[in-house]
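If you want the building blocks of each chain, they are given just below.
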Amino acid sequence: MSEQVASSPAPQAEPAGQPEPVTPAPAAAPEEPEGSKGSKGGGAKKALGIIGAIVAFLVIAVLKFGAASAIGNFLNPDETAEAKAGDCIAELPEVTGTEEQSVNDAKVVGCTSTEAAYNVVGRVENQTEAQAKEGKACEQYIKEGDDAYLFYNIAPGGKGYLLCLTKKA
């Protein structure tokens with residue numbers, strides 16, 4: 001808070017019997033909270049800036065990947081996204097015939113690991129869900145007599161990858 005000092009005017013002779021005029025003291029300026037450094041709402045502006053950055057990130061993620069995919073990938077990254085021919089995949093749910101099951105915890109493991117259950121014999125990019133379900137793209141990778149399995153990660157209405165798998169011997 002700043003203090004102001006003013007010089008008092010020279011005293012004038014007052015006629016006897018009249019009271020001296022009273023001048024009110026200047027009002028004190030209100031004190032600012034500590035840490036505000038002269039800007040009102042500085043903390044609120046900072047919080048709004050952070051919230052704005054988060055919202056911008058989420059909008060970009062939604063536009064690019066779709067909300068479910070963006071949030072899902074952040075919380076549970078796809079551990080098979082980089083799988084390629086020659087890699088091995090850990091145990092998956094048992095399926096027979098044309099049965100299909102959803103898998104949340106598939107992962108690539110070393111082929112010498114006791115967890116290795118499937119060999120990746122091929123990978124096909126830019127597949128729609130319908131193409132992946134047909135399995136025709138994997139025919140070139142599967143040998144006669146092999147038990148073939150298809151593993152794909154494709155968002156509804158989008159495109160993704162298809163892994164062609166055989167049961168590890």
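Residues numbered from 1 in each chain as written. Predicted model: local features only at pLDDT ≥ 70, side-chain atom pairs only at ≥ 80, totals over all residues. Heavy atoms only, no water.

**Examining the nonpolar core**
This is how it is decided: We define a nonpolar core as any set of buried Ala, Val, Leu, Ile, Met, Phe, Trp, Tyr and Cys residues linked to one another through side-chain atoms lying within 4.5 Å. With a 1.4 Å probe rolled over the protein chains alone, any residue whose accessible area is under 20% of its type maximum counts as buried; one over 50% counts as exposed, and the rest are partly exposed. Secondary structure elements are defined from DSSP: runs of H or I of at least 4 residues count as helices, runs of E of at least 2 residues count as strands, and each element is numbered from the N terminus. By definition in these notes, contact holds between two residues if any of their heavy atoms fall within 4.5 Å.
Counting 13 residues, the largest nonpolar core has I89, L92, Y118, F151, L163 and L165 as its most contacted members. Those elements that provide at least two residues to this core are β3 (116–127), β4 (148–153) and β5 (160–167). Apart from the residues lying within four places of it in its own chain, the contact partners of I89 are T80, A83, K107, V108, V109, E115, A116, A117, Y118, V120, L163 and L165. The next biggest cluster of nonpolar side chains, apart from the first, holds eight residues, and it includes V124, C138, Y152 and I154.

**Brief notes about the confidence of the model for the protein chain**
In plain terms, the rule: Per-residue confidence from the predictor is given as pLDDT, running between 0 and 100.
Confidence in the prediction for the protein chain averages 75 pLDDT; 63% of positions are at 70 or higher. Taking the mean pLDDT of every element in the protein chain, the minimum, 53, falls on helix α2 (residues 67–75) and the maximum, 95, on β3. Low pLDDT, under 50, characterises residues 1–14; the stretch is placed with three contacts to residues that sit more than four places away or in other chains.

**Quick look at the state of the cysteines**
Short version of the rule: A pair of cysteine sulfur atoms is labelled a disulfide when the two atoms are within 2.5 Å.
In the structure shown here, the tally under the stated rule is two disulfides. The residue that forms a disulfide with C88 is C111, at a sulfur-sulfur distance of 2.0 Å. An S-S torsion of about 105 degrees defines the bridge between C88 and C111 as right-handed. With a gap of 23 residues between them, C88 in strand β1 (residues 88–90) and C111 in the loop between β2 (108–109) and β3 connect regions that are remote in the sequence. You can call C88 buried: its relative accessible area is 0%. For C111, a relative accessible area of 29% corresponds to the partly exposed category. Between the sulfur of C138 and that of C164 lies a disulfide, 1.8 Å long from S to S. Residues C138 and C164 are joined through a disulfide that is left-handed, its torsion about the S-S bond being -80 degrees.

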